Amino acid sequence: MFFLSLIEHTLRVPPHLLSLPLNKAIMGELEKLFLDKVIANLGLCISVYDIRSIDGGFIFPGDGASTYTVKFRLIMFRPFVGEIITAKLKESDTNGLRLTLGFFDDIYVPAHLMPNPSQSEPDPENKNQVRWMWEFQGEKYPIDGIDEIRFRVHNVNYPSIPIEQPKESRPFAPMVVTGSLDYDGLGPISWWV
Amino acid sequence: MKIRKANAGTLTNFEVLDFLRSRGAATDPTRVIAPMAQSEFKVYDYLVQTAACNQTKESIDEFLKKCKQYDLAKAEILNIINIRPASAVEIDSIIEECEKRMGERVEELVEMVVQVLPPPPNEPKPEEGMDEDKEENPIAEQMEAS
């Protein structure tokens with residue numbers, strides 16, 4: 001799920017941070033820049049692991065701030081295809097399920113990757129939501145939000161930034177994980193325990 | 001910004017949790033004093049509910065030594081450490097072509113996992129049960145530390 005990435009960046013440290021020790025100032029700037037942001041094909045940045053080297057300290061003419069070339073490692077969240085992850089149910093509708101990890105919400109399980117055979121029924125409790133039921137050996141097992149759901153990562157997409165979006169569509173998600181429940185041992189944990 | 005090495009090493013959930021703990025996530029109930037962002041706290045909250053919260057470096061080292069005889073792929077070992085399956089059905093989704101490669105030895109592997117890696121925290125069923133378990137775990141950690 002997590003792995004380290006070595007990044008080199010030319011960082012401008014603004015003058016109001018001159019009183020801080022250099023390490024702290026650079027760490028603060030790196031966190032502001034990278035934390036909780038998605039880097040294409042690399043994943044979601046969770047944290048700055050360490051700083052490997054700080055070079056430079058040049059001041060460009062006309063500028064009041066010094067510029068450093070910093071090499072550092074970031075902890076990235078990027079699930080690999082085939083990884084099994086436990087997540088909670090966020091929404092379910094006719095297209096499929098949406099799962100969340102707390103820090104990452106854009107996990108979708110589309111209808112064709114649900115355990116076979118399943119059907120969706122309108123949920124008696126929530127008007128907008130739909131409940132998915134899995135039929136196995138004559139019994140119906142519902143997928144409800146009570147316990148955690150285990151899924152296998154099918155695909156990780158980094159859609160490109162759209163120029164225009166219709167008004168009512170979902171906010172743009174820079175990283176989308178598609179999951180599958182169609183295998184033994186996947187789905188809500190209570191099904192298999 | 002240049003990416004020098006896209007993959008400089010895979011981390012298990014336990015290693016990330018350990019890193020967040022060393023920055024002070026566990027000891028700060030107010031979540032304002034520790035030098036961590038809110039998003040990092042969310043990752044900590046997620047990891048504390050998985051099997052990683054009870055693991056130790058020694059148990060992971062022991063597991064790595066013992067699983068060499070089963071000839072598992074690196075991704076499969078990582079999945080097993082992160083999920084800590086407790087039955088053969090759970091291992092089946094982790095290991096590809098489980099029956100062909102392992103056959104009868106699946107049960108051995110499951111037993112070894114259950115012995116070496118500590119169990120995940122208890123699943124919250126009634127809400128009162130969850131509060132009690134959360135109180136017990138940190139106290140147990142403090143007692144072991146002292």
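As the structure is a prediction and not an experimental result, all values here were calculated from the model.

Enquirer: Looking at this model, I keep getting lost on the overall build of chain A. Mind explaining?
Expert: A count of helical and extended segments in chain A gives 1 helix and 13 strands. Sequence-ordered secondary structure for chain A, helices as α and strands as β, is β-α-β-β-β-β-β-β-β-β-β-β-β-β. Here chain A has a C-alpha radius of gyration of 22 Å; the compact-globule value for 193 residues is 16 Å, and the former is much larger. Taken over the C-alpha atoms alone, chain A extends approximately 75 × 40 × 25 Å along its principal axes. Expressed as a percentage of the 193 residues in chain A, the buried residues total 46%. In chain A, the share of contacts with a sequence separation of at least 24, taken over all contacts with a separation of at least 6, comes to 60%. In the form shown here, chain A has an accessible surface area of approximately 10,300 Å², with 51% of it arising from carbon and sulfur atoms.

Enquirer: Just checking my understanding: could you explain the domain arrangement of chain A for this structure?
Expert: Interfaces are often described in size by the accessible area the parts lose on coming together. Residue and element names in this part refer to chain A. Looking at chain A, the domain boundaries give domain 1 (2-77) and domain 2 (84-191). Taking the mean C-alpha position of each, domain 1 and domain 2 sit 36 Å from one another. Summing both sides of the interface, domain 1 and domain 2 together bury roughly 620 Å²; the carbon and sulfur share of this comes to 86%. Linking domain 1 with domain 2 are 0 salt bridges, by the criterion used here. On inspection of domain 1 and its partner domain 2, the count reaches 0 residue pairs in polar contact (both at pLDDT 80 or more). When grouped by side-chain class, the residues that make up the side of domain 1 that touches domain 2 number 8 nonpolar, 2 polar and no charged.

Enquirer: Please explain empty space enclosed by the protein as it appears in this structure.
Expert: Rolled over the atoms, a probe sized like a water molecule indicates the empty space that remains. Within this structure, the stated rule accounts for 1 cavity of 30 Å³ or more. As for the largest cavity, its lining consists of R150, G185, I189, W192 and V193 of chain A together with E90 of chain B. Considering only residue class, the lining of the largest cavity consists of 3 nonpolar, 1 polar and 2 charged.

Enquirer: Is there a simple way to explain the UniProt feature "domain: RNA polymerase Rpb4/RPC9 core" (unreviewed entry) in chain B in this structure?
Expert: The UniProt record annotates "domain: RNA polymerase Rpb4/RPC9 core" (unreviewed entry) at residues 1-120 of chain B. The annotated region residues 1-120 of chain B carries 53% helix and 5% strand content, and the separation between its end C-alpha atoms amounts to 39 Å.

Enquirer: Help me understand the confidence of the model for chain A in this model?
Expert: Atomic detail in the predicted coordinates should be set aside for any region of low pLDDT. Confidence along chain A averages 83 in pLDDT terms, with 93% of residues attaining 70 or more. Mean pLDDT per element in chain A: strand β8 (residues 118-122) of chain A is the minimum at 62, and strand β4 (residues 66-77) of chain A is the maximum at 92.

Enquirer: How should I be thinking about the packing of aromatic side chains in this particular structure?
Expert: Any pair of aromatic rings gets described here by the distance separating the centres and the angle formed by the planes. With the rule as written, the count across this model stands at 7 aromatic pairs over all chains. Here the aromatic rings of F2 of chain A and F77 of chain A are separated by 5.9 Å at their centres, their planes lie at 55°, and the arrangement is tilted. Here F2 of chain A is found in strand β1 (residues 2-13), whereas its partner F77 of chain A is found in strand β4, with 75 residues between them in sequence. Cluster of aromatic residues (ring-pair linked, three or more members): F2, F77, F103 and F104 of chain A together with Y46 of chain B.

Enquirer: What is the right way to read the packing of helix α3 (residues 57-66) of chain B against helix α4 (residues 74-83) of chain B from this model?
Expert: When two helices pack together, their arrangement is given by the angle between the helix axes and the distance between those axes. Residues and elements named next belong to chain B. It is the contact of α3 with α4, at a shortest axis distance of 12 Å, that shows an interaxial angle of 140°. The crossing of α3 and α4 is right-handed. Mapping the contact onto sequence places I60, F63 and L64 in α3 and I77, I80 and I81 in α4. Residue classes in the contact of α3 with α4 are distributed as 6 nonpolar, no polar and no charged.

Enquirer: Any chance you could explain the interface of chain B and chain A here in plain terms?
Expert: In this assembly, 34 residues from chain B lie in contact with 40 residues from chain A. Both sides together, the interface formed by chain B and chain A hides about 3,400 Å², and carbon and sulfur atoms give 59% of it. At the junction of chain B and chain A, the tally comes to 2 salt bridges. E31 of chain A is paired through a salt bridge with R23 of chain B; the nearest N and O atoms lie 3.3 Å apart. Taken together, chain B and chain A are joined by 14 residue pairs in polar contact (both at pLDDT 80 or more). Contributing elements (two or more residues each) for the side of chain B that touches chain A: β1 (2-5), β2 (10-11), α1 (13-22), α2 (38-48), α4 and α5 (88-94) of chain B. At 6 residues, α2 of chain B tops the list of elements feeding residues into the side of chain B that touches chain A. For the side of chain B that touches chain A, the residue count by class is 16 nonpolar, 9 polar and 9 charged. Here 3 bridges tie β1 of chain A to β1 of chain B, and the two strands are oriented antiparallel to one another. Each residue of the ladder has a partner; that of I7 of chain A, found in β1 of chain B, is I3 of chain B.

Procedures and definitions
Residues numbered from 1 in each chain as written. Chains lettered and ligands numbered in written order. Predicted model: local features only at pLDDT ≥ 70, side-chain atom pairs only at ≥ 80, totals over all residues. Heavy atoms only, no water. Helix = DSSP H or I, 4+ residues; strand = E, 2+ residues; numbered from the N terminus. Rg over C-alpha atoms; globule rule 2.2 N^0.38 Å. Buried < 20%, exposed > 50% of the residue type's maximum accessible area, 1.4 Å probe, protein only. Contact = heavy atoms within 4.5 Å. Areas by Shrake-Rupley, 256 points an atom, 1.4 Å probe, with all protein chains shown as cover. Domains from an automatic or database assignment. Buried area = accessible area lost by both parts, 1.4 Å probe. Salt bridge = Lys/Arg side-chain N within 4 Å of Asp/Glu carboxyl O. Polar contact = N/O pair within 3.5 Å; in protein donor to acceptor, adjacent residues only side chain to side chain. Nonpolar A, V, L, I, M, F, W, Y, C, P; charged D, E, K, R; others polar. 1 Å grid on protein atoms, 1.4 Å probe; cavity = no way out; pocket = protein on both sides within 12 Å on 5 of 7 lines; lining within 4 Å. Points joined across faces, edges and corners; volume = space filled by probe spheres on them. UniProt positions renumbered as here; feature names shortened; annotations may be inferred. pLDDT = per-residue confidence, 0-100. Phe/Tyr/Trp six-rings, centres within 6.5 Å; stacked < 30°, edge-to-face > 60°. Axes fitted to C-alpha atoms, helices over the stretch in contact; angles between N-to-C directions. Left-handed = near helix turned anticlockwise from the far one by under 90°. Pairing = 2+ DSSP bridges.

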